[in-house]
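This is what each chain is made of:
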Amino acid sequence: MGKIDNNKQMKRESLLDSAFSLFIDNGFNKTSISDIVNNAGVAKGTFYLYFKDKYDIRNHLIAHKASQIFQAAYTDLLRHPDIQDFEEQVLFITDNILDQFAANHSLVTLISKHLSWGFFKNSLTFSPFSDAPAIYTIYESLLSHAAYTYRSPELMFYMILELVSGTSYNAILHQQPIPLEDLKPELYDAIRGIFKQFRIRKKRNVTESTKKTISSAQQPDHPAPLRATQ
């Protein structure tokens, strides 16, 4: 990335960071574009180079944060090459994401308040950088190495997302109906049930030697992790 492009990216991220802190501290309705640009230290005209209005920056912010959270979980997964099974990989990523939310309630509040499947589907294919993989690209890459074939992979992903978000929100923020750590075993059993429901057939048996081949070949096929951003 050239110096000009880098400066543009820094200004955009500064606006997103500013909007995030103000939306959390003051609420979306009580935050103005002037507040955002003043907090970011940029001219008001700069805002409109990147975003149409306050709703647009909120939507980009949610997609941006969702991508960061998922990417951090995926990067952690890559540190565990022993986890080869697709279903266990999804459970690992889910567990990591829930831990990230548990450590940052502001993210839960921001994302859950405005999340809908129509919007989140757009964020699944959102990439904050030209060389960064989208969430669904990672999902499809993991799926391509699965031991089973599944019917309607997108619907399966949707059901898992809805289950996780719907059951974990109150457990994270209010410890209700039970704390998150107590919820996790039940939640993960339910996710395994979804996988079982959508399985079509097991792929041809994979020998240990073939597994090793997949293990060495799998990493290059996977999208590169996002650059670290705050």
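> Please clarify how helix H9 (residues 153-174) should be interpreted in this entry.
An α-helix turns once every 3.6 residues. As a result, residues three or four positions apart point the same way. Here H9 spans 32 Å end to end across 22 residues, near enough to the 32 Å set by a 1.5 Å rise per residue. Along its length, H9 shows its largest kink, about 35 degrees, at Ser168. If you check which residues of H9 are buried, you get Met156, Phe157, Ile160, Val164, Ser168, Ala171, Ile172 and Leu173. Note on H9: the residue one or two positions beyond its end, Gln175, has a positive phi of about 60 degrees.

> Please explain helix H2 (residues 33-40) as it appears in this structure.
The complete set of buried residues in H2 reads Ile33, Ile36, Val37 and Ala40. Buried residues of H2, viewed axially, fall in a sector of 90 degrees; they line one side. Directly after H2, the chain includes Gly41, whose backbone phi takes a positive value near 75 degrees.

> Help me understand the packing of H9 against helix H10 (residues 180-198) in this model?
Between two packed helices, the angle of one axis relative to the other and the distance separating the axes together describe the packing. H10 packs onto H9 with a crossing angle of 165 degrees between their chain directions and a minimal axis gap of 10 Å. What the angle tells us is that H9 and H10 run roughly antiparallel. Taken as a pair, H9 and H10 cross one another with a handedness that is right-handed. Contacts between H9 and H10 involve Leu155, Met156, Met159, Ile160, Leu163, Val164, Thr167, Ser168, Ala171 and Ile172 from the former and Leu180, Leu183, Leu187, Ala190, Ile191, Ile194, Phe195, Gln197 and Phe198 from the latter.

> Explanation requested: unusual backbone geometry in the structure shown.
Among all residues except glycine, the phi angle is most often negative; among peptide bonds, the trans geometry is most common. A cis amide bond links Gln176 with the next residue in sequence, Pro177, at an omega value of -5 degrees. For Ser152, which is not glycine, the phi torsion reads 45 degrees and is therefore positive. Topologically, Ser152 is positioned in the loop between strand S1 (148-150) and H9. Here Ser152 falls in the partly exposed class, since its relative accessible area comes to 37%. Of note in this structure, Gln175 is not a glycine but carries a positive phi near 60 degrees. Along the chain, the position of Gln175 falls in the loop between H9 and H10. On the basis of relative accessibility, which here comes to 41%, the residue Gln175 falls in the partly exposed class.

Here is what the cut-offs are and how they apply
Residue numbering note: each chain is counted from 1, following its sequence as written. Local features are withheld for residues below a pLDDT of 70 in this predicted model, meaning they are given only at 70 or higher, and side-chain atom pairs are given and counted only at 80 or more; totals for whole chains, interfaces and linings count all residues. The basis for the side-chain values is all heavy atoms of the structure; hydrogens and waters are excluded. Every helix listed is a DSSP run of H or I at least four residues long, and every strand listed is a run of E at least two residues long, numbered separately from the N terminus. Each helix should span, by expectation, one fewer than its residue count multiplied by 1.5 Å. Bend at a residue means the angle formed by two fitted axes: the first through the 7 residues ending at that position, the second through the 7 residues beginning there. Exposure categories follow from relative accessible area, calculated using a 1.4 Å probe and restricted to protein chains: below 20% of the type maximum is buried, above 50% is exposed, and the middle band is partly exposed. Here, the arc refers to the directions that run from the helix axis to the C-beta atoms. Angular values range over 0 to 180 degrees, each being the angle between N-to-C directions of two axes fitted as lines to C-alpha atoms, with helices fitted over their stretch in contact. Roughly parallel means an angle under 35 degrees; roughly antiparallel, over 145; roughly perpendicular, 65 to 115; everything else is oblique. A crossing counts as left-handed when the near helix is turned anticlockwise from the far one by less than a right angle, and as right-handed when that turn is clockwise. For this analysis, residues touch if any pair of their heavy atoms sits within 4.5 Å.

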